[in-house]
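Structural overview for review
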Amino acid sequence: MPKAVDLFAGAGGLSLGLYLAGIDVVGAIENDKNACKTYRYNLGNHIIEEDINLCSPEELENFIINNGSIQSKSEIDIIAGGPPCPGFSNIGRSKILSLIKKGIWEGSETRHSFINDKRNILFRQFIKYVDFFKPKIFLMENVSGMNSFSLENQPVVEVIKNEFQAIGYKVEEKILIASEYGVPQSRKRIFFIGHLPNQEKPIWPLKKDFEINSRDAICDLPDSWETLIPPSNPRLLPLDKISKPRSEHRSFLKKMRETKPPVNGNLKHMHINLHRSRIVNPRDVGVFPLLKSGEFGK
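Here the structure is a predicted model, which means the values were calculated and not measured. (Residues numbered from 1 in each chain as written. Predicted model: local features only at pLDDT ≥ 70, side-chain atom pairs only at ≥ 80, totals over all residues. Heavy atoms only, no water.)

Counted by the stated rule, this structure contains 10 salt bridges. Glu-49 is the partner of Arg-40 in a salt bridge, and the nearest nitrogen-oxygen pair spans 3.4 Å. By relative accessible area, which is 38% here, Glu-49 ends up partly exposed. Close ionic contact of Glu-180 with Lys-207 constitutes a salt bridge, the shortest N to O distance being 3.4 Å. With a gap of 27 residues between them, Glu-180 in the loop between β8 (170-177) and β9 (188-195) and Lys-207 in the loop between β9 and α7 (214-217) connect regions that are remote in the sequence. Given the relative accessible area of 21%, Glu-180 is considered partly exposed. Take Lys-207: its relative accessible area is 55%, and that puts it in the exposed class. (Salt bridge = Lys/Arg side-chain N within 4 Å of Asp/Glu carboxyl O. Buried < 20%, exposed > 50% of the residue type's maximum accessible area, 1.4 Å probe, protein only. Helix = DSSP H or I, 4+ residues; strand = E, 2+ residues; numbered from the N terminus.)

So, in structure tokens, the structure goes:
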């Protein structure tokens, strides 16, 4: 099984995706303590809670070795991650510009250039780790807005590609839209995929010939609260009352829901636990129809 490292790991979304693709994530770095807590709960203790600027690649290598996952850095096949992107995102830039106006943020208001935010060059930390571990492949993602800005009088995208090429990687970038790959969300992201010259070139994912909308995404949920309370067993959902998929492409969504993550020794909690509730008692059955939505409902 290929082994990977997840940088800027957050709560573990990218790590989970790697797991589902059959890749073993053996190390991760994240600065936010709450995100790390979530990561450890769901994915394991192989994450360092630290500012990546203060954690060297050598420290990460030693951490993974001490965990018994590798014997040397040469065993890391993939490095993946998404460096923070407040200066490239429209929402992030607007927020920073408003703080500049209020005198809370240091900097000048230059709407069409690179905002002076140290987080915007954290991609260089990613490059440093790639240079140290020399993985066969790397995957770096960011907001698509990165494509519109410049750094050091060059487009940021070209700066990033040039710096990866300088450490010996062939690299391509592409903007992918989540809705074109089976996700019920119109989300654009720019992806950089690189590989060593002696490795086979990675293949970009193929678009689906359909899109799933929000209605499709919830089509298998019960039509009303009544279907949640089968009289014979309040713990179970009556399968005969679940909405049937209305078209062929919804079978794709069903397949994705039923896909189980691979058991690779790191995923500790295989089940969603925030969707479990106590047994509904007769009093609640009588009260539910009377509840009105909204903050001021009686």
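There's plenty left to go through after this.
Our focus in this paragraph is the packing of helix α3 (residues 57-66) against helix α5 (residues 123-133). Put simply, α3 and α5 touch, their axes get as near as 10 Å, and they point 60° apart. As the angle between them shows, α3 and α5 are arranged oblique. Note on packing geometry: the crossing formed by α3 with α5 is right-handed. For the pair formed by α3 and α5, the contact residues are Pro-57, Glu-58, Leu-60 and Glu-61 on the first element and Lys-128, Tyr-129, Phe-132 and Phe-133 on the second. Class assignment of the residues belonging to the contact of α3 with α5 gives a composition of five nonpolar, no polar and three charged. (Axes fitted to C-alpha atoms, helices over the stretch in contact; angles between N-to-C directions. Parallel < 35°, antiparallel > 145°, perpendicular 65-115°, else oblique. Left-handed = near helix turned anticlockwise from the far one by under 90°. Contact = heavy atoms within 4.5 Å. Nonpolar A, V, L, I, M, F, W, Y, C, P; charged D, E, K, R; others polar.)

Bringing the sheet that holds strand β2 (residues 24-30) into the picture now. One open sheet holds the seven strands; their spatial order is β3-β2-β1-β4-β5-β9-β8, and the pairing between them is mixed. Where the open sheet ends on each side, the last strands, each with one partner, are β3 (47-49) and β8. Going from strand to strand, the sheet's axes swing by 15° on average, the running direction of each strand aside. Strand direction decides the pairing type here: strand β1 (residues 3-7) and strand β4 (residues 78-81), joined by four bridges, are parallel. For Leu-7, the partnering residue across the bridge sits in β4 and is Gly-81. (Pairing = 2+ DSSP bridges.)

Attention now moves to the pairing of β9. Relative to β9, strand β5 (residues 137-143) is paired through seven bridges, and the arrangement is antiparallel. Opposite Glu-141, over in β9, you have Phe-191 as the bridge partner. As paired strands, β8 and β9 are joined by eight bridges and run antiparallel to one another. Counterpart to Ile-175 in the pairing with β9 is Ile-190.

To continue, consider the side chain of Glu-30. Secondary-structure assignment places Glu-30 in strand β2. Within the buried core, Glu-30 has no salt-bridge partner, and the shortest N-O distance to an opposite charge, that of Arg-40, equals 10 Å. Here Asp-32 takes part through its backbone nitrogen, which lies 2.9 Å from a polar atom of the side chain of Glu-30. Aside from chain neighbours lying at most four places away, what touches Glu-30 is Phe-8, Ala-9, Gly-10, Ala-35, Cys-36, Ile-47, Ile-48, Glu-49 and Glu-50. (Lys, Arg positive; Asp, Glu negative; His and termini not counted. Polar contact = N/O pair within 3.5 Å; in protein donor to acceptor, adjacent residues only side chain to side chain.)

On to the side chain of Ser-15. Assignment of secondary structure puts Ser-15 in helix α1 (residues 13-20). Within polar-contact distance, the side chain of Ser-15 engages the side chain of Asp-6 at 2.7 Å. With near-sequence residues (within four places) excluded, Ser-15 lies in contact with Asp-6, Val-25, Tyr-39 and Leu-43.

The next thing to look at is helix α6 (residues 156-166). Think of an α-helix as 3.6 residues a turn; residues three or four steps apart then line up on the same face. Turning to α6, its buried residues are Val-156, Val-157, Val-159, Ile-160, Lys-161 and Phe-164. Of the residues flanking the end of α6, it is Gly-168, one or two places downstream, whose phi is positive at about 100°.

In the structure shown here, the tally under the stated rule is six aromatic pairs. Their ring planes at 15° and their centres at 6.5 Å tell us that Tyr-129 and Phe-133 sit as a pair that is stacked. Placement of the pair is Tyr-129 and Phe-133 together in helix α5, with a separation of four residues, close to one helical turn. Looking at Tyr-129, the relative accessible area reads 0%, which means it is buried. Ring centres of Phe-138 and Phe-164 lie 3.9 Å apart, and the angle between their planes is 20°; this geometry places the pair in the stacked category. Taken together, the residues span a long stretch of sequence, with Phe-138 in strand β5 and Phe-164 in helix α6 at a distance of 26 residues. Of the aromatic side chains, those joined through ring pairs into one cluster are Phe-126, Phe-138, Phe-164 and Tyr-169. (Phe/Tyr/Trp six-rings, centres within 6.5 Å; stacked < 30°, edge-to-face > 60°.)

We now examine the packing of α5 against α6. Two elements in contact, α5 and α6, have axes whose closest approach is 10 Å; the angle formed by their N-to-C orientations is 15°. Taken as axis vectors, α5 and α6 run roughly parallel relative to one another. Both α5 and α6 take part in a crossing whose hand is right-handed. Of the residues in α6, those touching α5 at Phe-123, Arg-124, Phe-126, Ile-127 and Val-130 are Val-159, Ile-160, Glu-163 and Phe-164.

Honestly, that's just the spatial picture; any functional story needs more than this.
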